[in-house]
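Fold and contact review
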Amino acid sequence: MNDDIRTLVLGVVAVGVGASLGWIARTSLWRRRLRRRQAFFGLPGNSECLLVVNREAGGDSVVHRYDVFALLELSALIKDCGAHAEIVQHDTARQGFGERTEFCLGGPASNRRMGAHLTSLLPGVGVNTDPEPKSDRGAFRIGSEHYRAEPGVAEYVLLARLTAGEGGRPVFLFCGQRAITSQAASRYLARHHEKLARTYGDSSFCLLLKVVNSQAYGPDVVELVADVTRAAREPVPVAPASPSATD
């Protein structure tokens, strides 16, 4: 074997070794990112989760179109984890939490399970479900702060990851003031889940998001207002009763 052939063979071997090492490194990185994603969502391979939705006003089993769009966003995340989803209506999901990851969409006025989750897991959050006055409809109270919706201009939504129950699987809440905010929050989660996983790991969190000018931009422009985890998880103190006139 002369020097030219030897050099050619060594070059081919070097290229093959480099390609193999690059493939191994990329595969290792992909697997590490997959494990981090699965841990954040509580979705190991071939696991199952729940997608809990409300019903559109006046409908029997019709899901609001914005909730359908949100489900599509979440379904892509679930598929990337190698997991499977079951879609259930809010008033048929009669089970606890922690055994399976859950994604719950909609406000407490139309989603009974969301109301139960807020009471149990986020006692510091209040949502005005009264139809009148219209300006206060859907307003959030978080601790001592109040957030009113300006339809089409500025609407708020809570995005929360909470762990409870024996199984330790998280519950994700998308509690917004209008239907479009659920899609906005699910899209925010899809875009930022890696950053959220680095920031919070497997800990619980509750973020207040603002959907900006949805009448022009739809669900695409979302601002992070604040991390309200502490205020949302602390029960609001009950004001002492005022003394009666006869005392």
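None of these values were measured; they are calculated from a predicted model.

1. Topic: the confidence of the model for the chain
In the predicted model, the chain carries a mean pLDDT of 84, and 79% of its residues have values of at least 70. Looking at the elements of the chain, mean pLDDT is at its lowest for helix α1 (residues 3-41), recorded as 69, and at its highest for strand β9 (residues 205-212), recorded as 97.

2. Here we look at the environment of Y147
Residue position: Y147 is located in strand β6 (residues 145-147). Since its relative accessible area comes to 16%, Y147 is described here as buried. Between the C-alpha atom of Y147 and that of L208, which follows or precedes it by 61 residues, the distance is 9.9 Å. With residues up to four places along the chain from it excluded, the contact list for Y147 reads A139, F140, I142, Y156, Q177 and L208.

3. Comments concerning the nonpolar core
Ranked by size, the top nonpolar core spans 31 residues in total, and within it F41, F103, F174 and L189 carry the most contacts. Within the residue set of this core, elements represented by two or more residues are α1, β1 (48-53), α2 (65-80), β3 (101-105), β7 (154-163), β8 (170-176), α4 (179-200) and β9. Take this core: its biggest share by element is 7 residues, from α4. Beyond its immediate chain neighbours, meaning those up to four positions away, F41 contacts L77, C81, T101, F103, P170, F172, L189 and H193. L50, Y147, A164 and A232 belong to the second-largest nonpolar core, a separate cluster that totals 25 residues.

4. Section: the pattern of salt bridges
Under the defined criterion, the tally for this structure stands at 10 salt bridges. Here E86 makes a salt bridge to R100, at a shortest N to O gap of 3.4 Å. Of this pair, E86 sits in strand β2 (residues 84-89) while R100 is found in the loop between β2 and β3, placing the two residues 14 residues apart along the sequence. E86 gets classed as partly exposed once you look at its relative accessible area, which sits at 38%. Between E223 and K210 there is a salt bridge, with its nearest N and O atoms 4.0 Å apart. Of the two residues, E223 sits in strand β10 (residues 222-227) while K210 sits in strand β9, which places them 13 residues apart along the sequence. Each of E73, R187, R191 and D220 takes part in one network of salt bridges that share partners.

5. What to know about helix α3 (residues 112-121)
Burial in α3 covers these residues: R113, M114, G115, H117, L118 and L121. Buried-residue contacts for α3 involve β1, β3, β4 (125-127), β7, β8 and α6 (229-233).

6. So, the sheet that holds β6
Taken in spatial order, the 3 strands of this open sheet run β4-β5-β6, and their pairing is antiparallel. The open sheet is flanked by β4 and β6, the only strands paired with a single partner. Direction aside, neighbouring strands of the sheet carry axes that sit 20° apart on average. Direction of pairing for β4 relative to strand β5 (residues 140-142): antiparallel, over a ladder of 3 bridges. Bridge pairing in β5 places V127 opposite F140.

7. A look at the packing of aromatic side chains
In the structure shown here, the tally under the stated rule is 9 aromatic pairs. Here the aromatic rings of F40 and F205 are separated by 6.3 Å at their centres, their planes lie at 15°, and the arrangement is stacked. With F40 in helix α1 and F205 in strand β9, this residue pair connects regions lying 165 residues apart in the sequence. Exposure class is identical for F40 and F205. Each is buried. An aromatic cluster of at least three residues, connected via ring pairs, comprises F40, F41, F103, F172, Y200 and F205. Directly above the ring of Y66 sits R65, whose terminal nitrogen or CZ lies 4.5 Å from the centroid.

8. So, α4
When the terminal C-alpha atoms of α4 are compared, their 27 Å separation across 22 residues is substantially less than the 32 Å that a helix rising 1.5 Å per residue should span. Backbone geometry just after α4 places G201 at a positive phi near 60°.

9. Notes on unusual backbone geometry
Phi angles above zero are rare outside glycine, and N46 is one such case at about 65°. As for its placement among the helices and strands, N46 is situated in the loop between α1 and β1. Even without a glycine there, the phi angle at N213 is positive, about 50°. With respect to the element layout, N213 can be found in the loop between β9 and α5 (214-217). Its relative accessible area of 22% is what places N213 among the partly exposed residues.

Basis of the calculations
Residues numbered from 1 in each chain as written. Predicted model: local features only at pLDDT ≥ 70, side-chain atom pairs only at ≥ 80, totals over all residues. Heavy atoms only, no water. pLDDT = per-residue confidence, 0-100. Helix = DSSP H or I, 4+ residues; strand = E, 2+ residues; numbered from the N terminus. Buried < 20%, exposed > 50% of the residue type's maximum accessible area, 1.4 Å probe, protein only. Contact = heavy atoms within 4.5 Å. Core = buried A, V, L, I, M, F, W, Y, C linked by side-chain atoms within 4.5 Å. Salt bridge = Lys/Arg side-chain N within 4 Å of Asp/Glu carboxyl O. Pairing = 2+ DSSP bridges. Axes fitted to C-alpha atoms, helices over the stretch in contact; angles between N-to-C directions. Phe/Tyr/Trp six-rings, centres within 6.5 Å; stacked < 30°, edge-to-face > 60°. Lys NZ or Arg CZ within 6 Å of the ring centre and 35° of its normal. Expected span 1.5 Å × (residues − 1).

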